[in-house]
Amino acid sequence: MRLPDRLTRPARAVRRAVLARRRPLAAVLAAAAVAFGLQATAAPPPRTVPVTVAARDLPAGTVVGPGDLTTAAWAPGTAPAERPDPVGRVLAAAVRRGEPVTDVRLVGPRLTAGRPELTAVPVRLPDAGMAELLEVGDEIDLLAADPRAGGATVVAAGVPVLALPLDEEPGVGGNGLTGRLVVVGAAPTEVSALADAATRAFLTYAWSG
């Protein structure tokens, strides 16, 4: 049975519209298929782990604050194994921007990591100007001088400078000069002599060799 024109006319109009637009529709569908295919085959982003690093170059002796640090994404297996919270601690050595702040960069017992024969000992040189001539890694002989009796005695020979903390409130040596702390690596047998010299004599140093 033939349908009336009033019923078939809309259907024919829809058919003509679809046929007229089939090429653009086919192109759109093909582009969508390609996009979905690329998304399905794209490699997932590499895994990373967050690592606390220096936000700027930090000199030795810096008391690390939150603003000195930032977070960087590192590939798994490349980040340092030990990553302590450095905020509020003192840097034993300079740290470059982007470098992780590890325990061996901080003033503490780990300063002698790899050298178990040494003990980290803080001593105060009575003259801050003398300490400013030193750098971490220098090897020095520490001498106890007696200004009244004259002469000087070596109390620790060839000790490495491990850290040069910046004193927020520098102490004053027995000669009235403002002193500064220096952390050295001494043999256990030298620790007592260093402690005694620091309180009884004028402590100075000479570069070893």
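Quick note: structure is the one above.
What counts, and at which threshold
Residues numbered from 1 in each chain as written. Predicted model: local features only at pLDDT ≥ 70, side-chain atom pairs only at ≥ 80, totals over all residues. Heavy atoms only, no water. Phe/Tyr/Trp six-rings, centres within 6.5 Å; stacked < 30°, edge-to-face > 60°. Buried < 20%, exposed > 50% of the residue type's maximum accessible area, 1.4 Å probe, protein only. Core = buried A, V, L, I, M, F, W, Y, C linked by side-chain atoms within 4.5 Å. Helix = DSSP H or I, 4+ residues; strand = E, 2+ residues; numbered from the N terminus. Contact = heavy atoms within 4.5 Å. Pairing = 2+ DSSP bridges. Axes fitted to C-alpha atoms, helices over the stretch in contact; angles between N-to-C directions. Salt bridge = Lys/Arg side-chain N within 4 Å of Asp/Glu carboxyl O. Polar contact = N/O pair within 3.5 Å; in protein donor to acceptor, adjacent residues only side chain to side chain. Arc of directions from axis to C-beta.

Caption draft 1: Structural context of the packing of aromatic side chains. Counted according to the given criterion, the structure contains 1 aromatic pair. A centroid spacing of 5.3 Å and a plane angle of 90° characterise the contact between Y205 and W207, whose relative ring orientation is edge-to-face. Look at Y205 and you get buried, because its relative accessible area is 12%.

Caption draft 2: Up close: the nonpolar core. Within the largest apolar cluster, 21 residues are counted, with the highest numbers of intra-cluster contacts made by L125, L134, I140, L142, V182, V184 and L194. It is strand β5 (residues 152–163) that provides the largest number of residues to this core, a total of 4 residues. When residues no more than four places from it in sequence are discounted, the contact partners of I140 are L134, A156, A157, G158, V159, V161, V184, Y205, A206, W207 and S208. Judged by nonpolar contacts, the second largest core, of 8 residues, contains A54, L58, V101 and L106.

Caption draft 3: Structural detail: the pairing of β5. Bridge count between strand β4 (residues 139–145) and β5: 6 bridges; the pairing is antiparallel. Pairing of A145 across the sheet is with A152, part of β5. Hairpin geometry of β4 and β5 is characterised by an intervening segment of 6 residues between the two adjacent antiparallel strands and by a positive phi of about 85° at G150. For β5 and strand β6 (residues 180–186), the ladder comprises 2 bridges, and the chain directions are antiparallel. Residue pairing for β6: A163 is matched across the bridge by V183.

Caption draft 4: Focus on the sheet that holds β4. Strand order in the open sheet formed by 5 strands is β3-β6-β5-β4-β7, with antiparallel pairing between adjacent strands. Only two strands of the sheet have a single neighbouring strand rather than two, namely β3 (119–125) and β7 (202–207). On average, each strand axis in the sheet is tilted by 45° relative to the strand beside it, whichever way the strands run. Across 6 bridges, the pairing between β4 and β7 is antiparallel.

Caption draft 5: Representation of the pattern of salt bridges. Taken as a whole, this structure holds 3 salt bridges when the rule is applied. Ionic pairing is found between R96 and D57, a salt bridge with its closest N-O pair at 3.2 Å. Here D57 lies in the loop between β1 (49–54) and β2 (69–74) and R96 lies in the loop between β2 and β3, a separation of 39 residues in the sequence. For D57, a relative accessible area of 41% translates into the label partly exposed. Here E117 ties to R115 by a salt bridge, and the two come within 3.6 Å at their closest N and O atoms. By relative accessible area, which is 35% here, R115 ends up partly exposed.

Caption draft 6: Structural view of the environment of W207. Here W207 is to be found in strand β7. A relative accessible area of 46% places W207 in the partly exposed class. In this view, W207 contacts L133, L134, D138, E139 and I140; residues no more than four positions away in its chain are not counted. A polar contact is formed between the side chain of W207 and the side chain of D138, at a distance of 3.3 Å.

Caption draft 7: Here's a closer look at helix α4 (residues 188–200). Every buried residue of α4 is accounted for by E190, L194 and A197. Seen along its axis, α4 keeps its buried residues to an arc of 70°; they face one direction. Opposite the buried face of α4, at more than 90 degrees from it, the exposed residues are P188, S192, T199 and R200. Where α4 is buried, its residues touch β3, β4, β5, β6 and β7.

Caption draft 8: A look at the side chain of T62. Relative to the elements of secondary structure, T62 occurs in the loop between β1 and β2. Accessibility expressed as a relative area gives 11% for T62, which makes it buried. Looking at T62, its side chain comes within polar contact range of the main-chain oxygen of P59, at 2.7 Å.

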